[in-house]
Amino acid sequence: MLTTLWLKGITRRRSGRLAAAALGVALTVALLTALGSFIAGASATMTGRAIQQVATDWQVQLAPGTDPAAAAAALAQTTKYEAALPVGYADVAGFVATTGGTTQQTGAGKVLGLPDTYRRQFPQQLRPLLGSDQGVLVMQQTAANLHVAVGDTVAIQRVGQPDVQVKVAGIVELPNADSLFQIVGQPAKTAPQAPPDNVLLLPMSEWQPLFAAQQAARPDSVRTQLHVRISHDLPSDPTAAYTYVQQLANNLEARLVGVGIVGDNLAARLGGVRQDSLYARVLFLFLGLPGAVLAAVLTLAVAATGAARRRREQALLRLRGASTSRILGLASIEAVLLASLGLALGLALAWLAGLLVGTNAGLFEATTWLWTLLAAFIGLLLAGAAILLPAWRTARQATVVQARQAVGSERPPLYQRLGLDFVLLGVAGLIYWQAASSGYHLVLATEGVAQTAVDYTAFLAPFCLWLGGGLLTMRFARLLLLRSKLLTRLLRPVAHNLSGVVAAASSRQRGLLVRGLVLVALATSFAVSTAVFNTTYNVQAQVDAELTNGADVAVTGTAAAPAGRLLAKLAATQGVAAAQPLMHRFAYVGTDLQDMFGVDASHIQQSTTIANAYFGSGNAAATLAALAAQPDGVLVAAETVKDFQLQVGDQINLRLQSAKDQQYHIVPFHFLGVVREFPTAPKDSFLVANASYLAAQTSNPAAEVVLLRAKGDAPTLAAAVRPLVADLPGVRVTDLEAAAQTISSSLTAVDLKGLTLLELSFAVLLLVGASGLVLALSLAERRRSFAILSALGAKQGQIAAFFWSEGLLLNIGGGMTGVLLGLGLAQMLVKVLTGVFDPAPEGLSLPLGYLLVLVMAIAAATIGVVVLMRSLARQQVAEVLRDI
């Protein structure tokens, strides 16, 4: 009977407080579940995208004399596969071609033999530029070296055999030449060999008779690979997929022992994505976990506002003979009810959030279920901690002795006496300084090791800053509320003549006010840091995409058909804000062939972003100005500077191909500075020089690429440009949005718009809860005092002074502190997660619109609570007085 009455009493008399606590539990459960679902979905997206980018999953190097059909049979016993085709590789002494009355001869090269169905089965390996995609095909660089076109004849200088002539049917690009010509079985940690500059591709039916004799005489110069595309029914997690694919490759090698070695391109790609997957988990810990902790703290704070009521209820129960176990049993009913409501509402919110951000497709993934179970377990613990723990503590400590000990001067909290807030802030500053000065990597993925690791010590910096900032806010809030004169002056604009009385009342209620102010500060810091970091992240994702694509829209031609021919036409296209040509050539630095880019240093910034981080000097404008002022100046990648021990001002002799005789000649340059990144440039070694100097020295003014800045939408401009360049053989038109979907250099390959929307939505809810809910419950606890004031003749405006003063004190004080703390956290997060960004951001990007939404949400919550409490104060005076 008592249990039923207690349950009815809770639902009738404490419905508001119970709903508020249930909302806190629900936010905790929902945030953990939704973030876990997003991380699982992001990992699956990274895995799928990585698989799509692999041109050939496996390249099985076969021993001389091995039958490819037997290797394919062993493959069928290992795993399901979708394609397995033999490819022949033959070393040749060179190629010779006579065109335009001159003869050109190259150095050593390769001749590949491809089955007729190869391009259909492995479409990413070849990109036709001119002519047919069948028959004798010449790689673009080789065609430039030989100065040949479709229909010309090329002589193949076989090793130990007579030369043989073939007729060119087409010119192609090999986008994945690095992997296509890899040395299968190369020892780990050895430098990879650059792909050959001279390559011909023949149908397998022609390749076999041409190189049969060479294979018999020189078996070391001719070999066969089996190119394989396996079934992509793989685990969704990149690490699990990597391990699984590697195990399959090991199984195949065991079956082919002595006759075959597997070049596992798929595992190599998935191995790189493992780092991105760990960064996703890092982002969860950095951005999501504080929100879940804050929701839990909010729940505990809501429960704590009923401490006085709980003491009175337990006193009445003891008068009626209830034992401690009976009291705790009744509290357990409330805890179970709270947990049930919180879990149900939390899972429903998580499902709605999944609909909002599009992650519900992964609801049935094992990883998502684990996150859901973990979130539910934490919700149960939180409900117990919010209800059972305070009830047990009150029941055990509610004695006369304890009451006597409570009388007297209040001692500062233990953390304040120990100076824990200053210690935590000092630790955060020290770790941040080390991170900023050492350039460490948060995620470690050692080459050749299947497991990756996160440097979890890096979490200490933002965690200590957040916790230390909260404790420091609590210290200063307590000091402020203890100094009634200062508080009186601060409240005079709101409370006017009652400022002294309001200040004294606030000082007496400092426990509730300090708790509320700190919650508002922590909630604001969470919202600000999350918003600023996510905005910075999204801006850098665009920078990364623009760096990869070159500009909003890039029109890329070939050496034979450069896009620069259409520069005037492209610049006049509707929707084009600026157009700049970009030369893409190749230059020998010693024996190393590197990409070289020719630009108009004075105007390149009109069509694309040139960030300070691109250059070693950290000043893009000064570096480009120096390049424009020095006609023979050159910017060199850091790797080349280190390899060749270059000093600024050194003369560098590079070998470039002349358009007059198609031969490489020495061209002098002066080294002006280091370039780390550049639009369209590769990540390793490259060079940047003045286009006018390159054109004069090579007798070739052609610009292979045109970079376009769009006035509006990049995909729309790309669609408008494609018909204009359709007649240019081998041309490609790429836009910023498409590049953002394909880049995979870092976690910026993953679209975090869903995560951003999820976290920022929860941040607003937490902030409204911290600013409005805590204030409402705090004022509700003192409705007895307000009723007595009304009975003594206090006017509604005078009582409202108490409401407005406490509301503004909580939200203005907590909000301003939270903004400062949030900006500090965002700066620290960006620095700690430097490895996520490529290049690193120059500064924080502020989401002014979202910050305005936060201010409006806090203001709306405060006004709503004050108006509601004024209304309730007028309506409940008689009822409260009867209770007294």
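About the cut-offs
Residues numbered from 1 in each chain as written. Predicted model: local features only at pLDDT ≥ 70, side-chain atom pairs only at ≥ 80, totals over all residues. Heavy atoms only, no water. Helix = DSSP H or I, 4+ residues; strand = E, 2+ residues; numbered from the N terminus. Contact = heavy atoms within 4.5 Å. Areas by Shrake-Rupley, 256 points an atom, 1.4 Å probe, with all protein chains shown as cover. Core = buried A, V, L, I, M, F, W, Y, C linked by side-chain atoms within 4.5 Å. Buried < 20%, exposed > 50% of the residue type's maximum accessible area, 1.4 Å probe, protein only. Salt bridge = Lys/Arg side-chain N within 4 Å of Asp/Glu carboxyl O. Pairing = 2+ DSSP bridges. Expected span 1.5 Å × (residues − 1). Bend = angle between axes of the 7 residues up to and from the residue. Axes fitted to C-alpha atoms, helices over the stretch in contact; angles between N-to-C directions. Left-handed = near helix turned anticlockwise from the far one by under 90°. Nonpolar A, V, L, I, M, F, W, Y, C, P; charged D, E, K, R; others polar. Parallel < 35°, antiparallel > 145°, perpendicular 65-115°, else oblique. Phe/Tyr/Trp six-rings, centres within 6.5 Å; stacked < 30°, edge-to-face > 60°. Lys NZ or Arg CZ within 6 Å of the ring centre and 35° of its normal. Patch = residues over 30% accessible without salt bridge, like charges linked within 9 Å, V, L, I, M, F, W, Y side chains within 5 Å. pLDDT = per-residue confidence, 0-100.

**Digging into the overall build of the protein**
- A tally of helices and strands in the protein yields 30 helices and 23 strands.
- When contacts within the protein are restricted to residue pairs at least 6 apart in sequence, long-range pairs at least 24 apart make up 81% of them.
- By element, 60% of the accessible surface of the protein is carried by carbon and sulfur atoms, the whole surface being about 39100 Å².

**Quick notes on the nonpolar core**
- Counting residues in hydrophobic clusters, the biggest one holds 83 residues, and the most contacted among them are Leu294, Leu338, Phe762, Tyr850 and Leu854.
- Sorting elements by how many residues they give to this core places helix α19 (residues 510-549) first, with 13 residues.
- Beyond its immediate stretch of four places on either side in the chain, leucine 294 contacts Leu519, Leu522, Ala523, Phe526 and Leu766.

**So, the pattern of salt bridges**
- Applying the stated criterion across every chain, the model contains seven salt bridges.
- Across the salt bridge formed by glutamate 173 and arginine 127, the nearest N and O atoms sit 2.7 Å from each other. Taken together, the residues span a long stretch of sequence, with glutamate 173 in strand β9 (residues 170-173) and arginine 127 in strand β5 (residues 127-131) at a distance of 46 residues. Both residues of the pair, glutamate 173 and arginine 127, count as buried.
- Across the pair arginine 218 and aspartate 220 runs a salt bridge, and its minimum N-O distance is 3.1 Å.
- Classification of arginine 218 by relative accessible area gives partly exposed; the value is 36%.

**Focus on unusual backbone geometry**
- Although it is not a glycine, glutamine 645 sits at a positive phi angle of roughly 50 degrees.
- Tracing the chain through its elements places glutamine 645 in the loop between α22 (638-644) and β19 (651-657).
- Of note, the phi angle at threonine 680 is positive, near 70 degrees, even though the residue is not glycine.
- Tracing the sequence through the fold places threonine 680 in the loop between β20 (664-675) and β21 (686-690).
- Classification of threonine 680 by relative accessible area gives partly exposed; the value is 27%.

**A few points about the pairing of β21**
- Within β21, five of the five residues are buried, which leaves the element mostly enclosed by the surrounding structure.
- Where strand β17 (residues 592-599) meets β21, five bridges bridge the pair, whose relative direction is parallel. Bridge pairing in β21 places valine 599 opposite asparagine 690.
- The pairing of strand β18 (residues 633-637) with β21 spans three bridges and is classified as antiparallel. Opposite leucine 635, over in β21, you have valine 688 as the bridge partner.

**Points about helix α7 (residues 204-217)**
- Across its 14 residues, α7 extends 20 Å between first and last C-alpha, which sits within 8% of the 20 Å expected from 1.5 Å per residue.
- By the largest-angle criterion, phenylalanine 211 marks the main kink of α7, which is about 45 degrees.
- Listing the buried residues of α7 in full gives Met204, Trp207, Leu210, Phe211 and Gln214.
- Packed against the buried residues of α7 are β2 (81-99), β4 (109-114), β7 (153-158), β8 (164-167), β10 (199-203) and β11 (222-230).

**Some details on the packing of helix α16 (residues 460-482) against α19**
- Remark: α16 packs on α19, axes separated minimally by 9 Å, with the N-to-C direction vectors making an angle of 145 degrees. The two elements α16 and α19 cross, and the hand of that crossing is right-handed. Taken together, the residues of α19 that come into contact with α16 (itself represented by Trp466, Gly470, Thr473, Met474, Ala477, Arg478, Leu481 and Leu482) are Arg510, Leu513, Val514, Leu517, Val518, Ala521, Leu522 and Ser525.
- Along the lines of polarity and charge, the residues of the contact of α16 with α19 split into eleven nonpolar, three polar and two charged.

**With respect to the packing of α16 against helix α17 (residues 484-495)**
- Taken N-terminus to C-terminus, the directions of α16 and α17 make an angle of 90 degrees; their axes are 5 Å apart at the nearest point. On the basis of their axis angle, the class for α16 and α17 is roughly perpendicular. Between α16 and α17, the residues in contact are Leu480, Leu481 and Leu482 and Ser484, Leu486, Leu487 and Leu490, respectively.
- Residue classes in the contact of α16 with α17 are distributed as six nonpolar, one polar and no charged.

**Focus: the packing of aromatic side chains**
- Summed over the entire model, instances satisfying the criterion amount to six aromatic pairs.
- Ring centres 5.1 Å apart and planes at 75 degrees place the aromatic pair tyrosine 588 and tyrosine 664 in the edge-to-face group. In this pair, tyrosine 588 is assigned in strand β16 (residues 576-589) and tyrosine 664 in strand β20, connecting sequence segments 76 residues apart.
- For tyrosine 664, a relative accessible area of 23% puts it in the partly exposed group.
- Positioned over the ring face of phenylalanine 122 is arginine 229, at 5.8 Å from the centre of the ring.
- Over the face of the ring belonging to tyrosine 588 we find arginine 655, whose NZ or CZ atom lies 4.4 Å from the ring centre.

**Concerning the environment of tryptophan 351**
- Along the chain, tryptophan 351 falls in helix α11 (residues 324-357).
- Through-space distance from the C-alpha of tryptophan 351 to that of threonine 33 is 8.8 Å; in sequence the pair is 318 residues apart.

**As for the environment of valine 25**
- Mapping valine 25 onto the fold places it in helix α2 (residues 15-52).
- When the C-alpha positions of valine 25 and leucine 343 are compared, they lie 7.1 Å apart, and in sequence the two are 318 residues distant.
- Once residues lying within four places of it in the same chain are set aside, the contact partners of valine 25 are Thr299, Leu338, Gly342, Leu343, Gly379 and Leu382.

**Regarding a nonpolar patch on the surface**
- On the surface, a nonpolar cluster with roughly 440 Å² of combined accessible area is contributed by Leu414, Leu418, Leu420, Val423 and Val427.
- The set of elements that each furnish at least two residues to the nonpolar patch consists of α14 (414-418) and α15 (420-438).
- In terms of residue count, α15 provides more of the nonpolar patch than any other element does, three residues in total.
- Structurally, leucine 420 is set in helix α15.
- The exposure class of leucine 420 is partly exposed, given its relative accessible area of 37%.

**Overview of the confidence of the model for the protein**
- Chain-level statistics for the protein give a pLDDT mean of 80 and a share of 81% at 70 or above.
- For the protein, per-element mean pLDDT is lowest for helix α13 (residues 400-406), which scores 44, and highest for β10, which scores 95.
- Below pLDDT 50 for its whole length, residues 399-409 participates in one contact with residues either more than four positions away or in separate chains.
- Counted against residues more than four places away or in other chains, residues 444-452, with its pLDDT under 50, gives 13 contacts.

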